[in-house]
Each structure stands twice: as C-alpha cells, then as structure tokens.
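# Tertiary structure, described
Each chain, written out:
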Amino acid sequence: MPESDVEIHTAQSLGRWLTECVAVHLSRPADTIDSAVPLSDYGLDSVYALSVIAELEDHLDVSLDPAVMWDNPTIDALSKALAEELALNG
Amino acid sequence: MTTTTPRSPGATDAAAPGTSAVPAAPPGGYDAVPELVRLLDELTGDEGPFSGAALAALDTREAFPAQACRALDEFGLPRYYVPVEHGGSLDDFSTVMRLLRAVSRVDLTVAAAHGKTYLGAVSTWIAGDPDRAARLGRRIGEGAVVSCALTERHHGSDLLAGEVTAREAEGGAGWHITGEKWLINNITRADLVTVLARTSPAGGPRGFSLFLVDKSRLAPGALTPLPKVPTYGIRGADISGMEFHDALVPSDALIGEAGHGVEIILKALHITRTGCVAMSLGAGDHALDLAARFTTATTDGGTPLAELPHVRRELGAAVAGLLLAEATGLVAVRAVHALTGEMSVVSAVAKAYVPAQVDDLVARLLHTLGPYGLLDADGHGSFAKLERDHRIIGIFDGSSLVNRNALVDQFPRLSRGYRKGRRDEQGLVEATDPGVPLRPFRPQALSLLSGIGASVVAGLPAAVDRVHDLAASEAASDRLASLAGRLRQAADRLHEEMAAVRFAPRAVPGHAFELAERYELCFAAAAALHLWLRRPDRVDEAWLRACLVLVLTELGEPVGDTEREDLDTLADALLTARPGAVPSLIDSLEGTTP
C-alpha cells in the first residue's frame, strides 16, 4: 500500500492517500478515480470496502468505526469526515 | 388493506409479574445444564417426546416436534435466550452453548426449531429500545416463538439485494412492509418476526432497516404464509416463507436507527454464528456415542469392531475432530464476552470450521462403519438422521463460503497482526481459561471489523514458546514440543501466503478459500493449545497431541507413525467412557470428567 509521511491529516492529504489505496485495490491508475463518485460504483461493495478502512487505521495508527465508510460513501465525504474526526481526537 | 388499527402495545406485551408460564429465575449458582441433561434423559425413555422412536416417526412424517419443544419451554430454556438486563437468565454465552448442545445431542430438528428464537430476538437485544427489549423478553419468557427473516427467494446470502420494502407511513404513523421472505426457519410458527427490509430505494449498506413484526398486531390479511419446503434434513422443521401485503407495523417496530439494519444484523450474526457451534457439537457427541456403542456391540469374524486397529484409529481421529471443534467453540463463545471486538474473525472461523469438522467426523465414521450398519445401529435410524440433519448447520446463518470470504477480506490485517504478535492478552486469557469469570457481554463493543486481528492465533507463537519451556523442565513431553513447533512453522508460512493474496473486489481467488481453511485449522489448534496451557493438570497431554496430529495431517504437514498412536488414546477414552458420554475438553477442564 502507498506509504505517506503525512503528519497533519487534512481532508486533502487523506483524499490523496485514499485515492491511491482504492486505486491499488481496483488495479487501475489513481487518476481514473473520481473522488466524488460513490465507491460502490467502482465495485467496492459494502463489506469489501471495509478493508480500505482497516488499511487506513493501520496507516494512521488510529481506531475508526468501520461504518464511517458507509456513512460517507465517496472519497471526498470520507476524507472530510476523517479529517474532522482526527482533528477532534488529535 | 392498509386501514389497520394496531392494538395498543400493551395489549399483547403486558404480563403481570409472576404469571409467566416459565418457572421463575433460579437463584444464583444454579446450573441449568445438568438439570436439562437429567430432564432429557428422562424424556428420551419409552414414549417420551425425545425417544428415538417418537423423533424418527415425526421425521418420517415431516411433522414438527411440538411436544419436545413444549417440554423445553416448560423447563424454562427460553429464559436463556433473554439477557439478564432484559429480564432473562442469559449472562454467559457458554451456558446457552451447553444447553443447546445438550438438546442437539438428542435431536437437531428440535434444537434448530427452539434455538431459532435467539436469532429472532438478538437484533433487539443489541440495538433495540430497552423498553421494547424488556417487552420482548417477557413474551419469550411466556413461550413466544421469534423468527428472523433475512433471505429472499432470488438472493440467497446477498442481503443487499433484498427486495422486501418498508415505506414510512404518512405522518410517521408506522411502516408499510411489502414483499416476500423465503426459506426461513420458524417463520410460519413464529409469533414475532425480525424482518430486514429496504428503506431506501437505492439500497446500499445504509439502505435497509430491521423491524420486529408482531403478527398479533397486524391487520387480517396482511400476511400470507408460504408452504413448508420439503428438506433433506431437519425434515420436521418449519422451513417456509411469508408474504407481506403492505403490512402496517407501528413505528416502535423499528429496531435501532432507520438505515442501520445491515450493520445491526452483521453484528448480531457475530453472536449467532458462534452460537451455531452448539448444534454441531451436540451432533458430534451423538455421532460418537452411537459409534462407540455400535463398535462395542458389533463383531466381525468374532472380534468386536472396537478392537480392530483401523477402526480404533478412525474412532480416535473422529474424537480428535470433536475435541478441536469443541476447543474452537468454547473459545469462540467465551470470546463473545472477552474478545468482543474480534468477533468478525472469531465467528467466521467458528461457523466455517466447527460444522465442517463435524460433517467430516460423521463422514469418517460412516466410511469405516457404514458397511457394518452404523446408519441404523439403534433401530431408529438415528445416525442416518443426524447425518442428514447436520448438513444444514454449515449452510444456515451464513454458509461456510460466506464466512471464509469474510476471513479472506480480513487477511491483510490478520497477517500483519500475526507478524507483530498483536493481541489483547487479557482478553485472550479470559477467553481461553474457563476458570476465569467472564466479563458481562457489551454489545457496543461489537465491530464490523476486528481492529486488532485475532488474539487467539496471534498468541500462538508465544504459546508454542511456553510449550518448549515446559518441555525443557520436563513438564511437557518432547513429542508435544515437536508437534507444536511444526504447527508454529505451518502458521508462519500460512500468514506469509495470506499476506500475498491480492484480489479485485468480489473476485476472491479460489486458493484464498483454501488458505482460509488452513487458517481455521491453525485457530482450532491454537485454541486447544491455549486451553491446555491454562490447565495442563486437567487435560491428558496425549489428547492435545492427538489434536495437533489431526491438524498437522489436515494441513498437509508430515506426521510420524508413532505420533499417530496418540489417536488410539482418544479411541480408548471414547470406548471406556460411561454410556452416553464422550470425551470432552470442557468436562475435563472443569473437573467433571465422566
């Protein structure tokens, strides 16, 4: 999975990391992934998509409720929600 | 059709204190398990509702075992489906496991029919409003049957494809449910049904909600029961379906938040899939008991079958299979309390491994003893019946494939966690030492994904180190140390292979399922090893060695001929047990060995 040295997690940096991560899962170039499109449209169905959260948790070394992915189905929404949550807990 | 006036909630839910049809909760310290076992012994006698003749006759007629279920109601078994906080007696999942195992040891049709009420109610326990949960608890205490309707005719395990719809009534006056649920255990008999329905046209993981539908509060004609489906096993069970015709349910029928049905049910399944092990363990007990009696009583050329070396070896392997299933099941139900956040892994292992292991041991016994007449050894076809009945356990409540897929989805985290030895040590001790009191189960700790991996397996290398330490001080045999060392190596290699699995969504490669099966074997062996290490004085080391011999064989690892002789120790333990008893880790660990 892509490595990142992000220290302060902004919605933007999280969005870049998530796009890379999703691209690896889908075996397609990152620039073909639209961060405003629901991930389920790319075939990342509900349960499989949770494994993206698992990677994100390991990457950020934080514990997240996996259902955050279901409440925020696009990369844009998810990065925004995560950045807010990290700011709250950081 | 929609002009129904729901009765007031109190109409059917109220129960004056002390009027329950079920005996009052027993005082602290009461152990229901031996009481139930005693009752079942009594009821298996001639003419009893649990007698071989009565159950075989019902099975032939595909008739529901109503009398047997009533006897369990009178005993008060339904109380153990209701958590103490909602007015019942359920405070330890290992007790329910043992109760349902005792019933399953006699008859799986009865166990599946009776135990289903827990699955029907569990969503309300973990996500429902406390008042609603208390009312449901009272109803169950009075003998109400609760079912759970998830699947539909054309979608099988694919819950997100469900077409049954719930539409909110105008002014928030309730919900209208429409569509067909099918192939559901107890749905026609049930008084209440938990229904998963689409509440957002687009669907998706937040597009479904759960409803607790009280049939007695529906307008006439709101439901059409569908005919009983003839089945290969559990022939007497009510496996049927239900069509909802714009059925109006009150707004308090909604369980938890609207849109959260999939999340709630996936978490609920973490518990019920684990609970299913009880039925497999009971079937395994029954199979081995029948085989032990049969091999002792039947001769081949004047020699009892039980004295033939190849028969003894197969009996021993079958016992080892049951002990591994039991170790997995025991640790898994304790993990519901102690490692709650890891149940996305633990329940998948338990539900995939335990039924498959029992199917295997039944097949092993039949392969060896079928030609001599095992199927009808007792004159009532009991072995044939349990073989048929048990097939369903690996399918319902999430099939083995569904559960293995869930494991494969978690491979990256499981392999990382194993490499780092990441585990919840305190939870692991609690889950693997029956002498440690269990903490209360906290539904809020359930998680769709285990955050840490699986402590049972991540703790394997440390457990193997401990065996080597014991061997160095002669407190364990070198034979055990050698078997444990090979297990560790196999687990190391397996996790490397798991880490290398990459796949696109929904395209799980076939070999990943095989890795999942090997993972289950490592989990089972680790569970047995942890249990033994907590109480090495209570369980014969040869039993543990025999379990490791079976696991290593199934993993395709080399095992020596001398090592296999430990299987014969298990055959002896089976053949010398008192009638009706089979070797059990739980009994040994608790010092209640028959």
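Residues numbered from 1 in each chain as written. Chains lettered and ligands numbered in written order. Predicted model: local features only at pLDDT ≥ 70, side-chain atom pairs only at ≥ 80, totals over all residues. Heavy atoms only, no water.

### Some words on the domain arrangement of chain B
All names here are of chain B.
- Domain parsing of chain B yields domain 1 (25-144), domain 2 (147-258) and domain 3 (276-589).
- Using C-alpha coordinates to define each centre, domain 1 is positioned 24 Å away from domain 2.
- Contact residues are listed per partner, giving 22 residues for domain 1 and 24 residues for domain 2.
- Interface area, domain 1 with domain 2, both sides summed: about 1900 Å², of which 53% is carbon and sulfur.
- Taken as a group, Glu62, Lys116 and Arg132 account for 29% of the area that domain 1 buries against domain 2, more than any other trio of residues on that side.
- Put simply, domain 1 and domain 2 have 3 salt bridges between them.
- A salt bridge links Asp252 to Arg135; the shortest N-O distance between them is 3.0 Å.
- The interface formed by domain 1 and domain 2 includes 8 residue pairs in polar contact (both at pLDDT 80 or more).
- Breaking the side of domain 1 that touches domain 2 down by element, the ones donating at least two residues are α6 (108-127) and α7 (130-141).
- With 10 residues, the single largest contributor to the side of domain 1 that touches domain 2 is α6.
- Looking at the side of domain 1 that touches domain 2 residue by residue, the class counts come to 10 nonpolar, 6 polar and 6 charged. (Domains from an automatic or database assignment. Contact = heavy atoms within 4.5 Å. Buried area = accessible area lost by both parts, 1.4 Å probe. Salt bridge = Lys/Arg side-chain N within 4 Å of Asp/Glu carboxyl O. Polar contact = N/O pair within 3.5 Å; in protein donor to acceptor, adjacent residues only side chain to side chain. Helix = DSSP H or I, 4+ residues; strand = E, 2+ residues; numbered from the N terminus. Nonpolar A, V, L, I, M, F, W, Y, C, P; charged D, E, K, R; others polar.)

### What to know about the UniProt feature "domain: Acyl-CoA oxidase/dehydrogenase middle" (unreviewed entry) in chain B
- In the numbering used here, UniProt assigns the feature "domain: Acyl-CoA oxidase/dehydrogenase middle" (unreviewed entry) to residues 148-246 of chain B.
- As a span, residues 148-246 of chain B carries 0% helix and 43% strand, and end to end its C-alpha atoms are 19 Å apart. (UniProt positions renumbered as here; feature names shortened; annotations may be inferred.)

### Some remarks on helix α14 (residues 411-420) of chain B
- Those residues of α14(B) that sit buried are Phe411(B), Arg413(B), Leu414(B), Ser415(B), Gly417(B) and Tyr418(B).
- Downstream of α14(B) by one or two residues, Gly421(B) has phi in the positive range, about 65 degrees. (Buried < 20%, exposed > 50% of the residue type's maximum accessible area, 1.4 Å probe, protein only.)

### With respect to the pairing of strand β7 (residues 239-249) of chain B
Residues and elements named next belong to chain B.
- Extensive coverage of β7 is indicated by the burial of 9 of its 11 residues.
- Where strand β3 (residues 175-185) lies against β7, 9 bridges are found, and the strand directions are antiparallel. Looking across to β7, one finds that Trp175 is bridged to Val249.
- Sheet topology places strand β6 (residues 223-226) next to β7; 4 bridges connect them, and they run antiparallel. By the bridge assignment, Leu226 is partnered in β7 with Gly241. (Pairing = 2+ DSSP bridges.)

### Brief notes about the confidence of the model for chain B
- Residues of chain B with pLDDT of at least 70 account for 95%, and the chain-wide mean is 93.
- This model gives residues 1-27 of chain B a pLDDT under 50, and the stretch forms 43 contacts once residues within four places in sequence are excluded. (pLDDT = per-residue confidence, 0-100.)

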